[in-house]
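# Remarks on the overall topology
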Amino acid sequence: MVRFKHRYLLCELVSDDPRCRLSLDDRVLSSLVRDTIARVHGTFGAAACSIGFAVRYLNAYTGIVLLRCRKEFYQLAWSALPFITYLENKGHRYPCFFNTLHVGGTIRTCQKFLIQYNRRQLLILLQNCTDEGEREAIQKSVTRSCLLEEEEESSEEAAEAME
């Protein structure tokens, strides 16, 4: 039996309108990418990328998208992403574009890259703070979210230990 190898494209959906990200759906995004591949690369590109193509992860709040496609044809999908200039959902058209952050062989490598990317973005955000109050507000929100994650993990471990 032969295992089919995949590539994962970690992308960021960049838009000025926050409603664009909140109205995001994996089916809409999948059809948009498939249509763009067909428009750019024709029927060969559409057929080659349709096998094994999937939206594996979608975060509507951050705009992070993880696309999976076959290893042999990931460059077709990758090269079609810059041609996506709008997102159409529920009768509304939102201007946007995709920023490809990383191409990886596993979901785990994409997760590791995303953690490093978010840390770098947070450092840039803290360096660009204008006053001390802004900096403290960002640090409190990050600390609060980290504490909530630790509490959830410890409660899950306690529940597993009770079983």
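For every chain, the first residue of the written sequence is number 1, and numbering continues from 1 along that sequence. In keeping with the model being predicted, local features are shown solely for residues with a pLDDT of at least 70 and side-chain atom pairs are shown and tallied solely at 80 or more, while totals for entire chains, interfaces and linings include all residues. As a convention, hydrogens and water are excluded, and side-chain values are obtained from all of the structure's heavy atoms.

## Remarks on the overall build of the chain
Within the chain, the regular secondary structure consists of 5 helices and 6 strands. In this text, helices come from DSSP runs of H or I with a minimum length of four residues, and strands from runs of E with a minimum of two, each type numbered from the N-terminal end. Reading the chain from its N end, one meets helices and strands in the order β-α-α-β-β-α-β-β-β-α-α. In the chain, the proportion of contacts linking residues at least 24 apart, taken out of those at least 6 apart, comes to 67%. Accessible surface for the chain amounts to roughly 11,000 Å². Of this, 54% is attributable to carbon and sulfur atoms. Here, two residues are considered to be in contact whenever any of their heavy atoms come within 4.5 Å of each other. Only the protein chains shown count as cover for residues, and all accessible areas are computed by the Shrake-Rupley method using a 1.4 Å probe.

## What to know about the side chain of Asn-59
When you line up the elements, Asn-59 lands in strand β2 (residues 54–59). Here Asn-59 falls in the buried class, since its relative accessible area comes to 18%. In terms of polar contacts, Asn-59 uses its side chain to reach the side chain of Tyr-57, at 3.2 Å. Note on classification: 1.4 Å probe, protein chains only; a residue is buried when its accessible area is under 20% of the maximum for its type, exposed when over 50%, partly exposed between these limits. Between N or O atoms, a polar contact is any pair within 3.5 Å; within protein, one atom must be a potential hydrogen donor and the other a potential acceptor, and residues adjacent in sequence are included only when both atoms are from side chains.

## Some points on the pairing of strand β1 (residues 6–14)
Of all the 9 residues making up β1, 7 are buried; the element is thus mostly covered by neighbouring parts of the structure. Bridge count between β1 and strand β6 (residues 97–104): 7 bridges; the pairing is antiparallel. By the bridge assignment for β6, Val-14 is matched with Phe-97. DSSP calls a pair of strands paired once it identifies at least 2 bridges connecting them.

## Describing the environment of Leu-67
The residue Leu-67 is located in strand β3 (residues 64–70) in this model. Residue Leu-67 is classed as buried on the basis of its relative accessible area of 1%. Placed 37 residues apart in sequence, Leu-67 and Ser-30 show a C-alpha to C-alpha distance of 8.7 Å. Ignoring anything within four residues of it in the chain, the contact list for Leu-67 reads Arg-7, Tyr-8, Leu-9, Cys-11, Phe-53, Ala-54, Val-55 and Leu-81.

## Some details on helix α2 (residues 26–50)
Across its 25 residues, α2 extends only 15 Å between first and last C-alpha, which sits more than 12% below the 36 Å expected from 1.5 Å per residue. When the local axis directions of α2 are compared, the greatest deviation, roughly 140 degrees, occurs at His-41. Those residues of α2 that fall on the buried side of the exposure criterion are Val-28, Leu-29, Ser-30, Leu-32, Val-33, Thr-36, Ile-37, Gly-45, Ala-48 and Cys-49. Turning to α2, the residues buried within the fold contact β2, β3, α3 (74–80), β4 (86–89) and β6. Working rule for helices: expected span equals 1.5 Å times residues minus one. Fitting one axis to the seven residues ending at a residue and another to the seven starting there, the bend at that residue is the angle between the two axes.

## Things to note about the pairing of β4
For a regular strand, side-chain orientation follows a simple rule: the groups alternate between the two sheet faces. Where burial is concerned, the two faces of β4 differ: the one with Leu-87 and Asn-89 is buried and the one with Tyr-86 and Glu-88 is not. When β4 meets strand β5 (residues 92–95), the two strands line up antiparallel, connected through 4 bridges. When the sheet's bridge partners are listed, Leu-87 is paired in β5 with Tyr-94. In this structure, the hairpin formed by β4 and β5 is closed by a connection of 2 residues, where Lys-90 is found at a positive phi of approximately 55 degrees.

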